Amino acid sequence: MRQNKKTFSHLSLQDAKSIQPILKSIEKGIINGEMTFSDEDDEIILKPEGLLRFKITASESETKHQLNIKISWNIDDPKLDDKSILSIYSGNSRKKQDN
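Residues numbered from 1 in each chain as written. Predicted model: local features only at pLDDT ≥ 70, side-chain atom pairs only at ≥ 80, totals over all residues. Heavy atoms only, no water.

Things to note about the overall build of the chain
Heads up, the rule is: Only DSSP runs of H or I reaching four residues or more are called helices, and only runs of E reaching two or more are called strands; each is numbered from the N terminus. Only protein chains enter the accessibility calculation, which uses a 1.4 Å probe; a residue whose area is less than 20% of its type maximum is buried, one above 50% is exposed, and one in between is partly exposed. When checking whether two residues touch, look at their non-hydrogen atoms; a contact exists if any pair is within 4.5 Å. Surface accessibility in these figures is a Shrake-Rupley result with a 1.4 Å probe; residues are shielded only by whichever protein chains are displayed.
Along the chain, the regular secondary structure elements total 1 helix and 6 strands. Sequence-ordered secondary structure for the chain, helices as α and strands as β, is α-β-β-β-β-β-β. The buried share among the 99 residues of the chain stands at 6%. Pairs at least 24 apart in sequence give 32% of the contacts found in the chain among residues at least 6 apart. Split by element, the accessible area of the chain, about 9500 Å² in all, is 50% carbon and sulfur.

What follows is the structure in structure tokens.
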């Protein structure tokens, strides 16, 4: 049986301040159980439910720093693979935020 797969992708150049409202909207969408992503070409509606898989990767080289955040879930009853503790430090304060 063939499954329909729809994807949405957006790439833009923005400063750190302008990205904050986007991240807040994603946060609200996760809390409310629905996120709509759209631009002039396409639209997709995602409905996070159940357990969410959360993956974060960070890397640095001499010329580039990169942060990737991936959140995924299964529509059917998902099972969490790992419950390891994540620690994130922000700014220069090195205050530990455990989640």
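Structural notes on a nonpolar patch on the surface
How we decide: Patch construction takes residues with relative accessible area above 30% that form no salt bridge. Like charges are linked within 9 Å, and nonpolar side chains (Val, Leu, Ile, Met, Phe, Trp, Tyr) are linked within 5 Å. Throughout this description, the term salt bridge denotes a Lys or Arg side-chain nitrogen within 4 Å of a carboxyl oxygen of Asp or Glu.
Taken together, the side chains of Phe54, Ile56, Leu67, Ile69, Ile71 and Ile88 define a hydrophobic patch exposed on the protein surface, amounting to about 510 Å² of accessible area. Elements with a minimum of two residues in the nonpolar patch: strand E3 (53–60) and strand E4 (65–72). Secondary-structure assignment places phenylalanine 54 in strand E3. Relative accessible area serves as the criterion here: at 46%, phenylalanine 54 is assigned to the partly exposed category.

Considering the environment of serine 9
For serine 9, the location among the structural elements is in the segment before helix H1 (16–32). Separated by 28 residues in sequence, serine 9 and phenylalanine 37 place their C-alpha atoms 8.8 Å apart.

Regarding the confidence of the model for the chain
What counts, and what does not: Note on scores: pLDDT gives the predictor's confidence for each residue, bounded by 0 and 100.
Summing up the model confidence of the chain, the mean pLDDT is 85 and the portion of residues at 70 or higher is 83%. Averaged over each element, pLDDT in the chain is lowest for strand E6 (residues 96–98) (59) and highest for E3 (97).

Quick word on the pairing of strand E2 (residues 43–46)
For clarity, the cut-off: What makes two strands pair is DSSP finding at least two bridges between them.
Of the strand pairs in this sheet, strand E1 (residues 35–38) and E2 are connected by 4 bridges, and their pairing is antiparallel. Residue pairing for E2: serine 38 is matched across the bridge by glutamate 43. The turn joining E1 and E2, which pair antiparallel and follow one another in sequence, is formed by 4 residues.

Quick notes on the environment of leucine 86
Along the chain, leucine 86 falls in the loop between E4 and strand E5 (87–89). Each C-alpha atom, one on leucine 86 and one on lysine 55, is 9.9 Å from the other, the two residues being 31 residues apart in sequence.

A closer look at the pattern of salt bridges
If you walk through the whole model with that rule in mind, you get 2 salt bridges. Salt-bridge contacts for lysine 6 lead to aspartate 42; the nearest nitrogen and oxygen are separated by 3.9 Å. One end of the pair, lysine 6, is in the segment before H1; the other, aspartate 42, is in the loop between E1 and E2, with 36 residues separating them in the sequence. Among the residues examined, lysine 6 registers a relative accessible area of 51% and is labelled exposed. Ionic pairing is found between lysine 47 and glutamate 34, a salt bridge with its closest N-O pair at 3.9 Å. Pair noted here: lysine 47 is in the loop between E2 and E3 and glutamate 34 is in the loop between H1 and E1, with a separation of 13 residues, a long-range link. The exposure class assigned to glutamate 34 is partly exposed, which follows from its relative accessible area of 41%.

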